[in-house]
Amino acid sequence: MTTKQTHTFQTEVSQLLDIMIHSLYSNKEIFLRELISNASDAIDKVKFASLSDDTLVEGKEELNIHIDIDKSAGTVTITDNGIGMTESEVNKNIGTIANSGTKKFLNSLDEKQAQDSNLIGQFGVGFYSSFIVSDKVTLITRKAGSKSKKGTKWTSTGKGKYSIESVDCPDFGTSVTLHLKKKEKEFLESYRLRNIVSKYSDHITVPIMMIKQSDDNKEIEYETINKANAFWTQDKADLKQKDYDEFYKSLTYDFEGPLTQLHNKVEGKLDYTSLLFIPKKAPFDMWEPKRKGGIKLYAKRVFIMEDNEELMPLYLRFVKGVIDTADLSLNVSREILQSNKVVDTIRKANVKRILNALSKMSKNKPEDYDIFWQEFGMVIKEGVVEDFSNKDSIAELLRFSTTKSDSEKQTVSLKDYVEGMDKDQKEIYYVTAETYQAAKGSPHLEIFKQKGIEVLLLSDRVDEWMVNNFTEFEGKGLKSISKGDLDSIDSKEEKEGKEKVAKDFEGVIKKVSKILDSQVKQVKVSSRLSESPSCLVADENEMGGNMERIMKSLGQDVPETKPILEINPNHPLVKKLKTKVDKDLVNVLFDQAVLSEGGQLKDPAEFVKRMNKLIK
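Residues numbered from 1 in each chain as written. Predicted model: local features only at pLDDT ≥ 70, side-chain atom pairs only at ≥ 80, totals over all residues. Heavy atoms only, no water.

For the rest of this paragraph, the subject is the sheet that holds strand β17 (residues 456-458). Ordered in space as β15-β17-β16-β19-β18, the 5 strands form an open sheet in which the pairing is mixed. Strands with a single pairing partner mark the edges of an open sheet, and in this sheet they are β15 (401-402) and β18 (472-473). Bridge count for strand β16 (residues 427-432) against strand β19 (residues 476-480) is 4 bridges, and the pairing is parallel. Considered in β19, the bridge of Tyr 430 is made with Ser 480. (Pairing = 2+ DSSP bridges. Helix = DSSP H or I, 4+ residues; strand = E, 2+ residues; numbered from the N terminus.)

Put into structure tokens, the structure is as follows:
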């Protein structure tokens, strides 16, 4: 037996405990649901592991969860005979928080958010909820398959430190003993804990046991206090929305019910049941590269694995739920799963099911779809590129801000846009920028506003990547208004008039080009400006300025390209160039164009000097 060692919690854990104990949970009883869910997961894991090594369960026929109350000691103990943990796993899983996004999340919490109990389900730290009702927590665990002397005891008061030591542990699994605070003695009542189990954990597939009350109070007998059946196997006709909501909460640790659910039983060539949920809120770590998905895979009601990308594509990573099939081997490995036809068929069917459900929601329940889009719209945009086979279905789900909607809220579909197009318009026009305000104020929009042509205003980080790979909708090409020429929007007479003006400015263009030779690819008279003096345009086949900035911010190497400078022949500043091509004025026009598209000046001080010189 090793000597007891005392450790300090990782900084994020201390912060988290402080938030949870003092403000986060408005509903204290949730601690029991969190601990039961952890115990259930541990039992699922040992069941699966024992398929290939039945010695792990050490001859135990029943795997279950026990809840015991000791009123004299003021404790509640939750015990499972699940997979258990080694000492190093205890340190890793409890002494620290492995999730790389947790620190970012904690730093982003303001006082109001810290009081929002809905936040806790977003980062899976259910064990720490023990300290809401306890002033001391003791955990004893032994990994299934290890020797009895390899047990580990962990103890903490939740105040910055914890102790850990090796102990003899006759049973594998984990027990968590909560030493309740004086004001939390209500949780020492059997009826109170039974009600919590009935409310939150009734559908856990593992039996949850408590001592049966007998008349003489001498005979100790345990009874199952939850239904302990696979919720998803029940007939839809027998279930109410309240039932789905509670199962969803127990599955995901969310405090709210889902936005909608899809419950399907398929029989025929394949036999499987899927119960999938679309949440109301996006998790805070949705953009973390290592975040886990939310689908659990069962084979004949035996848990196999979770979070595997083969079950659901990345752009649907917000979907939660279970898939249970009779057509998978119980000892299927993660590697075999990657090339399994059964899983591939189930995945394709469920993806179509989800996309169809979202399509129906957008038509029949626009308020719900609006909630969905605000939370998950950016993720869905990934799908139009990643999932070629469902590209058209996903494209119909997309929503955008436009010059006509005049709102940052993304509500306009591509179908809406196409239906509002003039019969002579052949392309869907868009502009990209870092923010909605920058897109809305882009000088490239001026000719489109003048002509009453709607333009998509794209400012989500994913938009640049999306439009570079998603190029047409219903036969209409997507066209950036900040790239290439815009000949298609001009009438024959307008083109002739602009050619005449361009010819008149040939001498000016030649001199301006010479001054800006090292900075621009070309200088030309603009056909897109009506108010601004100048703007930058990218060549049709080159990277735009906004995409270039995004790539650089990600640390990517970006090939050096020069933009095209367009000048507005009707603007007073440009007209001055007809009299004299002043070098300072030319450089100011270029710098203004850089600023107006969200770029950064290489020499801001020089820009200020030139401006001051010009306004003297």
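Continuing now.
A few words on the side chain of Thr 75. One can find Thr 75 in strand β3 (residues 75-80). Among residues more than four places away in sequence, those in contact with Thr 75 are Asp 68, Ile 69, Asp 70, Thr 177, Leu 178, His 179 and Leu 188. (Contact = heavy atoms within 4.5 Å.)

Right, let's get into the packing of helix α21 (residues 583-596) against helix α22 (residues 604-614). For the pair α21 and α22, the least separation of the axes is 10 Å and the interaxial angle reads 125°. The angle between the axes of α21 and α22 places the two elements in the oblique class. When the axes of α21 and α22 are compared, the crossing they make is left-handed. When α21 is examined against α22, the residues Asp 584, Leu 585, Asn 587, Val 588, Asp 591, Gln 592 and Leu 595 are found in contact with a partner set consisting of Phe 607, Arg 610, Met 611, Lys 613 and Leu 614. Of the residues belonging to the contact of α21 with α22, the class tally is 6 nonpolar, 2 polar and 4 charged. (Axes fitted to C-alpha atoms, helices over the stretch in contact; angles between N-to-C directions. Parallel < 35°, antiparallel > 145°, perpendicular 65-115°, else oblique. Left-handed = near helix turned anticlockwise from the far one by under 90°. Nonpolar A, V, L, I, M, F, W, Y, C, P; charged D, E, K, R; others polar.)

The next point concerns unusual backbone geometry. You will see that Glu 58, though not glycine, has its phi angle at about 50°, which is positive. Looking at where Glu 58 falls in the secondary structure, it is placed in the loop between α2 (30-50) and β2 (65-70). For Glu 474, which is not a glycine, the phi torsion comes out positive at approximately 50°. Tracing the backbone shows Glu 474 in the loop between β18 and β19. For Glu 474, a relative accessible area of 45% translates into the label partly exposed. (Buried < 20%, exposed > 50% of the residue type's maximum accessible area, 1.4 Å probe, protein only.)

As a further point, take the nonpolar core. Counting 68 residues, the largest nonpolar core has Phe 372 and Ile 380 as the members making the most contacts within it. With 8 residues, the top contributor of residues to this core is helix α10 (residues 341-364). For Phe 372, the contacting residues outside a window of four places in its chain are Leu 259, Ile 278, Phe 318, Leu 358, Met 361, Gly 377 and Ile 380. With 49 residues, the next largest nonpolar core counts Ile 30, Val 197, Val 206 and Ile 225 among its residues. (Core = buried A, V, L, I, M, F, W, Y, C linked by side-chain atoms within 4.5 Å.)

Turning our eyes to something else, we now look at the packing of aromatic side chains. In this description, a pair of aromatic rings is defined by centroid distance and the angle of the planes. For the structure on display, the rule yields 16 aromatic pairs. Aromatic side chains Tyr 248 and Phe 277 sit 5.1 Å apart centroid to centroid with 55° between the ring planes, which places their arrangement in the tilted category. Of the two residues, Tyr 248 is situated in helix α8 (residues 241-252) and Phe 277 in strand β11 (residues 272-278); the sequence distance between them amounts to 29 residues. With respect to burial, Tyr 248 and Phe 277 carry one shared label: buried. Above the plane of the ring of Phe 255 lies Arg 33, whose end atom (NZ or CZ) is 5.6 Å from the centre. Over the face of the ring belonging to Phe 505 we find Lys 578, whose NZ or CZ atom lies 4.9 Å from the ring centre. (Phe/Tyr/Trp six-rings, centres within 6.5 Å; stacked < 30°, edge-to-face > 60°. Lys NZ or Arg CZ within 6 Å of the ring centre and 35° of its normal.)

For strand β14 (residues 320-325), the tally of buried residues reaches 6 of 6 residues, placing the bulk of the element in the interior. Burial along β14 is two-sided: Lys 320, Val 322 and Asp 324 facing one way and Gly 321, Ile 323 and Thr 325 facing the other are all buried. Pairing of β11 with β14, which is carried by 6 bridges, proceeds in the antiparallel orientation. Each bridged residue has a counterpart across the sheet, and for Tyr 272 the counterpart in β14 is Thr 325. Two strands pair when backbone bridges link them, and strand β12 (residues 294-299) and β14 are joined in this way by 6 bridges, in the parallel orientation. Bridging across to β14, Tyr 298 finds its partner in Asp 324.

The relative placement of two packed helices is expressed as an angle between their axes plus a distance between the axes. Relative orientation of the contacting elements α2 and helix α7 (residues 190-200) amounts to 65°, with a least axis distance of 9 Å. Remark: the crossing between α2 and α7 carries right-handed chirality. Contacts between α2 and α7 involve Ile 30, Leu 32, Arg 33 and Ile 36 on the former and, on the latter, Leu 193, Ile 196, Val 197 and Tyr 200. By residue class, the composition of the contact of α2 with α7 is 7 nonpolar, no polar and 1 charged.

Moving on to the sheet that holds β14. One open sheet holds the 5 strands; their spatial order is β10-β11-β14-β12-β13, and the pairing between them is mixed. Across the chains shown, the open sheet's two edge strands, defined by having one partner strand only, are β10 (260-266) and β13 (302-306). Between one strand and the next, the sheet's axes are offset by a mean angle of 15°, whatever the strand orientation. On the sheet, α10 packs against β10, β11 and β14 and is oriented at approximately 40° with respect to β11.

Throughout the structure, instances matching the rule amount to 30 salt bridges. Across the pair Arg 317 and Glu 382 runs a salt bridge whose closest N-O atoms are separated by 3.0 Å. One end of the pair, Arg 317, is in the loop between β13 and β14; the other, Glu 382, is in helix α11 (residues 366-386), and 65 residues separate them in sequence. Here Arg 317 matches Glu 382 in class, with each residue buried. The shortest N-O distance in the salt bridge between Glu 566 and Arg 528 comes to 3.1 Å. (Salt bridge = Lys/Arg side-chain N within 4 Å of Asp/Glu carboxyl O.)

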